[in-house]
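# Residue-level structural notes
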Amino acid sequence: MREVAKVASIIPGNIRMETLIKKTAEYIASSKYAVALTGAGISVESGIPPFRGKGGLWEKFDPMEFAHIDAFMNNPKKVWEMFMREMKGMLVESKPNDAHLGLARLEELGILKTIITQNVDGLHQSAGSKDVIEFHGNFAWLRCLECGHRCQTVDINLDHIPPRCDCGGIYRPDCVFFGEGIPPNELDRSQQAASQCDLMLVIGTSAIVQPSAFMPVIAKQSGATIIEINPEPTPLTGTTSTLLVQEKAGKAMRQIITEVERLLPGKK
Ligand code: NAD
Ligand code: ZN
């Protein structure tokens, strides 16, 4: 209820979606250094469910039972069987949507400098984005717990679970489980990007998981404008963010990019 009231104060009834899209495009077109922070919501239209909320993975899986490092180390077979097999299937099938493609276009236009993503699906890179900080690693790669050998997840045969390296060690995904720290290099680069940007687009993240949720706060404290694209309000709404485009990411970005291209006709 508290959050709904805040949203109402930023989006009065007379500010329509069209106006929000235009305002967002204006901020983007005049930005010199934009950064995006993305979460599971940006990949929903690509068929990958988020963790929280309606249809989220947590409706099926208890996070502590499947996505905590202790759970994996105690019973890798169970975590591979129940959770990661399904993840692998989804990630292999998925394709970038208009939100991923829109961010790649903004990078191409020289406006967006960096994407900080909490996602492990690699869809930003598939869309063509070059500078992507993967805060939680990437599920596309696996790493042997014994010898550290890395291999691609698509190349792994899941007839035998858990999958094993030639040395006999068990493979784990190269992503960050709950209970593990963020790789220091990724954390440093993210904090630097957040403090340098004049605009941060926060797309499809519930802004609950730390320390990634703190990046918009750093950006705001450094003078940046924060714009959220999310069908639902978040704890940032009305406190840290200036606008909430309350819409699905792909649908909103498609319209935003059209408008940005209209505002910057000289740019190819
Ligand atoms: P989350 O699951 O906590 O929340 C998802 C957010 O996306 C919600 O705020 C929801 O309102 C919003 N959303 C739902 N549909 C949307 C749409 N079509 N467009 C825009 N927003 C939409 O996501 P999170 O905050 O990123 O969660 C954190 C953890 O989830 C991360 O650590 C990430 O590693 C992990 N995760 C990643 C993937 C992936 O790689 N695709 C998928 C599931 C979870
Ligand atoms: Zn090995």
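Residues numbered from 1 in each chain as written. Chains lettered and ligands numbered in written order. Predicted model: local features only at pLDDT ≥ 70, side-chain atom pairs only at ≥ 80, totals over all residues. Heavy atoms only, no water.

What follows is about the sheet that holds strand S7 (residues 199-203). What the six strands build is an open sheet, ordered S3-S2-S1-S7-S8-S9; its pairing is parallel. Single-partner strands in this sheet number two, and they are strand S3 (132-134) and strand S9 (243-245). When strand polarity is set aside, the average angle formed by the axes of neighbouring strands in this sheet is 20 degrees. Inspection of the sheet shows strand S2 (residues 112-117) paired to S3 by three bridges, in the parallel sense. Looking at S3, one finds that Thr-117 is bridged to Glu-134. Contacting S7, strand S8 (225-229) and S9, helix H2 (residues 17-29) crosses the sheet at an angle of about 120 degrees to S9. (Pairing = 2+ DSSP bridges. Helix = DSSP H or I, 4+ residues; strand = E, 2+ residues; numbered from the N terminus. Axes fitted to C-alpha atoms, helices over the stretch in contact; angles between N-to-C directions. Contact = heavy atoms within 4.5 Å.)

Among the 25 residues in the neighbourhood of ligand 1, the closest are listed as Arg-52, Gln-118, His-136, Ser-206 and Asn-230. For ligand 1, a nitrogen atom lies 2.7 Å from a polar atom in the side chain of Asp-121. Within the backbone of Ala-249, an N or O atom sits 2.9 Å from a nitrogen atom of ligand 1. When ligand 1 sits alone it has 850 Å² of accessible area, and the protein chains cover 92% of it. Here the residues of the shell around ligand 1 are counted per class, giving ten nonpolar, ten polar and five charged. Domain assignment of the residues forming the shell around ligand 1 places at least three in each of domain 1 (1-48 + 96-136 + 182-268) and domain 2 (49-93 + 139-175). (Near = heavy atom within 4 Å. Polar contact = N/O pair within 3.5 Å; in protein donor to acceptor, adjacent residues only side chain to side chain. Areas by Shrake-Rupley, 256 points an atom, 1.4 Å probe, with all protein chains shown as cover. Nonpolar A, V, L, I, M, F, W, Y, C, P; charged D, E, K, R; others polar. Domains from an automatic or database assignment.)

Surrounding the zinc ion (ligand 2) are the protein donor atoms Cys-144 (SG), Cys-147 (SG), Cys-165 (SG) and Cys-167 (SG), which sit 2.3 to 2.4 Å from the metal. In this structure, the zinc ion (ligand 2) is surrounded by four donor atoms whose angles at the metal cover 102 to 117 degrees, and the resulting shape is tetrahedral. The sequence pattern describing where the donors of the zinc ion (ligand 2) fall on their chain is C-x2-C-x17-C-x1-C. Residue Cys-144 is classed as buried on the basis of its relative accessible area of 3%. The partly exposed category is assigned to Cys-147, whose relative accessible area is 48%. (Donors = N, O, S within 2.8 Å, 3.2 Å for Na, K, Ca; no water. Tetrahedral: all angles 85-135°; square planar, octahedral: opposite > 155°, others 65-115°. Buried < 20%, exposed > 50% of the residue type's maximum accessible area, 1.4 Å probe, protein only.)

The next subject is the domain arrangement of the protein chain. Each assigned domain of the protein chain is listed here: domain 1 (1-48 + 96-136 + 182-268) and domain 2 (49-93 + 139-175). The C-alpha-based centres of domain 1 and domain 2 are spaced at 28 Å. Between domain 1 and domain 2, the contact holds ten residues from the first and ten residues from the second. Around 760 Å² of area is buried between domain 1 and domain 2 when both sides are counted, 68% of it from carbon and sulfur atoms. Inspection of the domain 1/domain 2 interface yields zero salt bridges. (Buried area = accessible area lost by both parts, 1.4 Å probe. Salt bridge = Lys/Arg side-chain N within 4 Å of Asp/Glu carboxyl O.)

For the rest of this paragraph, the subject is the sheet that holds strand S4 (residues 137-144). Spatially, S5-S4-S6 is the arrangement adopted by the three strands of the open sheet, whose pairing is antiparallel. Lying at the two open borders of the sheet, with one neighbouring strand each, are strand S5 (150-152) and strand S6 (171-175). Going from strand to strand, the sheet's axes swing by 40 degrees on average, the running direction of each strand aside. With five bridges joining them, S4 and S6 adopt antiparallel strand pairing. Residue pairing across strands places Gly-137 opposite Cys-175, the latter belonging to S6. Across the sheet, helix H5 (residues 76-93) is in contact with S4 and S6; its angle to S4 comes to roughly 125 degrees.

In this fold, Lys-220 is placed in helix H9 (residues 215-221). Judged by its relative accessible area of 36%, Lys-220 is partly exposed. When the C-alpha atoms of Lys-220 and Thr-240 are compared, they prove to be 6.6 Å apart, with 20 residues separating the residues in sequence. Ignoring anything within four residues of it in the chain, the contact list for Lys-220 reads Ile-226, Thr-239, Thr-240 and Thr-242.

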